[in-house]
Amino acid sequence: LGGQIPVNIVTLSDVTHQQLATNQRNSLDNVKFVNTNEINNLLNEKPSSKVQFTPFDGSVVYSPVAYIPTILAIKISSVINMDIGHTLLLSRISGLMMYIVLGCFAIQFAPATLRLLFGSILLIPMAVHQASTITADISLIPLTLIIFSSIIKYVKVPDKKILGIGIIAAIFLPLAKPTYIFISL
């Protein structure tokens, strides 16, 4: 699986990976500094009209549903003719916004005794960092908290609305990451 990607975005990815690989092979005494001029020049370019097929080996198992915020951001940036660097930034911000919206809903939906705990979980630095990257994992923590809340609330007060919210979250969780299907069951 893969897709048609603008050539300069593929070049940016290749240059970045090459420089990271070079530094990983070197000892700490022999670290080469990243050529920021080359990367900055690529980031400031508009996505080229020339495309090439690029395999997406790591994302084969993910549903496109998990990438909806990123897809929308890329479409918006293409309509307003943004450069690659700003397109990446807009994509990251859109993912973070999805995390915030789902996280706020998870906190609001949670029983009052768990809201502080859920807020703390959502603000763990690694979770916030992950939410601000382009990844399918953005919705995992908030959806899991929504499922957990719906189970706790449904046990206390069987209500079809609570059950419905839990079922919807349980359907979307494995769409974000298929291995989480076991949590949904």
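Not measured: the values here are computed from a predicted model.

1. Description of the pattern of salt bridges
The final tally for this structure, using the stated rule, is one salt bridge. Two residues, aspartate 137 and lysine 177, come together in a salt bridge whose shortest N-O distance is 3.4 Å. With aspartate 137 in the loop between helix 6 (125-131) and helix 7 (140-156) and lysine 177 in the loop between helix 8 (160-176) and helix 9 (181-184), the pair connects residues that are 40 residues apart, well separated along the chain. Grouping residues by exposure puts aspartate 137 and lysine 177 together as buried.

2. Observations concerning unusual backbone geometry
Even without being glycine, asparagine 81 reaches a positive phi, approximately 60°. Along the chain, asparagine 81 turns up in the loop between helix 3 (68-79) and helix 4 (84-109).

3. Some details on empty space enclosed by the protein
Per the counting criterion, the structure on display carries one cavity of 30 Å³ or more. Within this model, the largest cavity holds a volume of roughly 40 Å³. Lining the largest cavity are Tyr99, Ala127, Gln130, Ala131, Asp137, Ile138, Ile141 and Pro142. Those elements giving two or more residues to the lining of the largest cavity turn out to be helix 6 and helix 7. A total of three residues in the lining of the largest cavity trace back to one element, the largest contributor, which is helix 6. Each residue belonging to the lining of the largest cavity can be placed in one class, and the counts come to six nonpolar, one polar and one charged.

4. What to know about the confidence of the model for the protein chain
Looking at the protein chain as a whole, the pLDDT averages 85, with 88% of positions reaching at least 70. Looking over the protein chain, one finds the lowest element-wise mean pLDDT in helix 9, namely 72, and the highest in helix 5 (residues 115-122), namely 95.

5. Description of helix 3
For helix 3, built from twelve residues, the straight-helix expectation of 16 Å at 1.5 Å per residue is met to within 8% by its first-to-last C-alpha distance of 17 Å. Next to the buried residues of helix 3 lie helix 4. The first or second residue beyond helix 3 is asparagine 81, which carries a positive phi of 60°.

6. Quick word on the packing of aromatic side chains
Between two aromatic rings, the relevant description is the distance of the centres plus the angle of the planes. Inspection of the entire model under this criterion finds two aromatic pairs. Between phenylalanine 118 and phenylalanine 148, the ring centres sit 6.1 Å apart and the planes meet at 45°, which makes this aromatic pair tilted. Of this pair, phenylalanine 118 sits in helix 5 while phenylalanine 148 sits in helix 7; the two residues are 30 residues apart in sequence, bridging distant segments of the chain. According to the relative accessible area criterion, phenylalanine 118 is buried, its value standing at 1%. Among the residues examined, phenylalanine 148 registers a relative accessible area of 42% and is labelled partly exposed. In this arrangement the basic side chain of lysine 153 is found over the ring face of phenylalanine 109, its NZ or CZ atom lying 4.2 Å from the centre.

7. Here we look at the environment of alanine 170
Tracing the backbone shows alanine 170 in helix 8. Owing to a relative accessible area of 15%, alanine 170 belongs among the buried residues under this scheme. Between the C-alpha atom of alanine 170 and that of leucine 143, which follows or precedes it by 27 residues, the distance is 7.6 Å.

8. Things to note about the side chain of serine 94
Within the fold, serine 94 resides in helix 4. Each residue touching serine 94, except ones within four places of it in the same chain, is listed here: Pro69, Thr70 and Ala73.

9. Points about the environment of proline 6
Within the fold, proline 6 resides in strand 1 (residues 2-6). For proline 6 and lysine 46, which are 40 residues apart along the polypeptide, the C-alpha to C-alpha distance reads 9.5 Å. If near-sequence neighbours (up to four positions away) are discounted, proline 6 is found in contact with Pro47, Ser48, Lys50 and Val51.

Conventions used here
- Residues numbered from 1 in each chain as written.
- Predicted model: local features only at pLDDT ≥ 70, side-chain atom pairs only at ≥ 80, totals over all residues.
- Heavy atoms only, no water.
- Salt bridge = Lys/Arg side-chain N within 4 Å of Asp/Glu carboxyl O.
- Helix = DSSP H or I, 4+ residues; strand = E, 2+ residues; numbered from the N terminus.
- Buried < 20%, exposed > 50% of the residue type's maximum accessible area, 1.4 Å probe, protein only.
- 1 Å grid on protein atoms, 1.4 Å probe; cavity = no way out; pocket = protein on both sides within 12 Å on 5 of 7 lines; lining within 4 Å.
- Points joined across faces, edges and corners; volume = space filled by probe spheres on them.
- Nonpolar A, V, L, I, M, F, W, Y, C, P; charged D, E, K, R; others polar.
- pLDDT = per-residue confidence, 0-100.
- Expected span 1.5 Å × (residues − 1).
- Contact = heavy atoms within 4.5 Å.
- Phe/Tyr/Trp six-rings, centres within 6.5 Å; stacked < 30°, edge-to-face > 60°.
- Lys NZ or Arg CZ within 6 Å of the ring centre and 35° of its normal.

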